[in-house]
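Residues per chain, in single letters:
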Amino acid sequence: MAPPMSADTFLDRLRTEGVTVVEVGDWERRNRNHKGPWGPVHGVMIHHTATTGGERTVEVCRDGRPGLPGPLCHGVITKDGVVHLVGYGRANHAGLGDDDVLRAVVAEKALPAADEADTDGNRHFYGFECENLGDGTDAWPAAQFDAIERVSAAICRHHGWSERSVIGHLEWQPGKVDPRGFTMARLRERVRDRLK
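Just so it is clear, the model here is predicted, and its values are computed rather than measured.

Cut-offs applied
Residues numbered from 1 in each chain as written. Predicted model: local features only at pLDDT ≥ 70, side-chain atom pairs only at ≥ 80, totals over all residues. Heavy atoms only, no water. Helix = DSSP H or I, 4+ residues; strand = E, 2+ residues; numbered from the N terminus. Rg over C-alpha atoms; globule rule 2.2 N^0.38 Å. Buried < 20%, exposed > 50% of the residue type's maximum accessible area, 1.4 Å probe, protein only. Salt bridge = Lys/Arg side-chain N within 4 Å of Asp/Glu carboxyl O. 1 Å grid on protein atoms, 1.4 Å probe; cavity = no way out; pocket = protein on both sides within 12 Å on 5 of 7 lines; lining within 4 Å. Points joined across faces, edges and corners; volume = space filled by probe spheres on them. Core = buried A, V, L, I, M, F, W, Y, C linked by side-chain atoms within 4.5 Å. Contact = heavy atoms within 4.5 Å. Phe/Tyr/Trp six-rings, centres within 6.5 Å; stacked < 30°, edge-to-face > 60°. Lys NZ or Arg CZ within 6 Å of the ring centre and 35° of its normal.

A. Main features of the overall build of the protein. In terms of regular secondary structure, the protein is built from six helices and ten strands. For 196 residues, the compact-globule estimate of 2.2 N^0.38 gives 16 Å, and the protein sits close to it at 15 Å. Along the longest, intermediate and shortest principal axes, the C-alpha atoms of the protein span 35 × 35 × 35 Å. In the protein, buried positions account for 53% of the 196 residues.

B. Inspection of the pattern of salt bridges at higher detail. Tallied over the entire structure, the rule returns 18 salt bridges. The salt bridge involving Arg-30 is made with Asp-63; its shortest N-O contact spans 3.8 Å. With Arg-30 in the loop between β1 (21-23) and β2 (43-48) and Asp-63 in helix α2 (residues 54-63), this residue pair connects regions lying 33 residues apart in the sequence. Among the residues examined, Asp-63 registers a relative accessible area of 45% and is labelled partly exposed. Notably, a salt bridge pairs Glu-149 with Arg-190, separated by 2.5 Å at the nearest N-O pair. Residue Glu-149 is found in helix α4 (residues 142-159), and its partner Arg-190 is found in helix α6 (residues 184-195); the two are separated by 41 residues along the sequence.

C. Here's a closer look at the layout of surface pockets. Here the largest pocket is characterised by a volume of approximately 430 Å³. For the largest pocket, the lining is made up of 23 residues, of which His-48, Arg-65, Glu-129, His-169 and Lys-176 are closest to its centre. Listed by contribution, the elements that provide at least two residues to the lining of the largest pocket are β2 and α2. For the lining of the largest pocket, the element with the highest residue contribution is α2, accounting for three residues.

D. Broad picture of the nonpolar core. Judged by nonpolar contacts, the single largest core of 35 residues is most densely connected at Phe-10, Ile-46, Tyr-126, Phe-128, Ile-148 and Leu-187. The greatest single-element share of this core, amounting to eight residues, is contributed by α4. Non-local contacts of Phe-128, meaning those with residues more than four positions away in its chain, are made with Phe-10, Val-44, Met-45, Ile-46, His-47, Cys-73, Gly-75, Ile-77, Val-83, Val-151 and Ile-155. Membership of the second largest hydrophobic core comes to eight residues, among which are Ala-94, Leu-102, Val-105 and Phe-125.

E. Quick peek at unusual backbone geometry. Omega for the peptide link from Gly-39 to Pro-40 comes to 0°, which places this bond in the cis form. Although it is not a glycine, Ala-50 adopts a positive phi angle of roughly 60°. In the Ramachandran plot, Glu-108 falls in the positive-phi region, its phi being about 55° despite a non-glycine side chain. Given the relative accessible area of 26%, Glu-108 is considered partly exposed.

F. Region of the structure containing the packing of aromatic side chains. Inspection of every chain in the model, using the stated rule, returns eleven aromatic pairs. Summarising the aromatic geometry, the rings of Trp-38 and Tyr-88 are spaced 5.0 Å apart at their centres and angled 85° between planes, so their arrangement reads as edge-to-face. Here Trp-38 is found in the loop between β1 and β2, whereas its partner Tyr-88 is found in the loop between β6 (83-85) and β7 (96-97), with 50 residues between them in sequence. For the pair shown, Trp-38 and Tyr-88 are each scored as buried. Through pairs of rings, three or more aromatic residues link up here, namely Phe-10, Trp-27, Trp-38, Tyr-88, Tyr-126, Phe-128 and Trp-161. The aromatic ring of Phe-145 is capped on one face by Arg-186, whose charged end is 4.4 Å from the ring centroid.

Shown next, in the form of structure tokens:
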């Protein structure tokens, strides 16, 4: 079982991995912990925002939207590769997902298909929302993809996890398609190489 790292350690690990970080307001105290526990943590979950425009995307992920209060993740990765920290603790990003997938992440084994939504993912995953329309044609600039790789590796390195602890929302919850425009296998391969 891995307790979440402190907000200060999280920030330090990201910067040590070479991530450009912007701290947004009181990010280290913004969370949804009153709705349930955060931890033990078992992995990193990657999403796309289905939005465009960095400033607007950061605002939505920090403050939420009707019916889904923020923060919607821990960090927003904009097209320029900058990571905007918007919350720390329980965040509304993963929702309910498949307990078989969680067991595979914990065991660092191949993921089964997500066909249930019976387990609280907000409790168990660090979450990053990545600015992208998610239409399959919106580009993933090299700087942004590099930042996704680096944040994933930073967290895995801290916890002693392999690249198998990095998953996409589409691998967690039935019906989700994010992130769209690259494969999680490609991302995990890059995380694996960075962790060597």
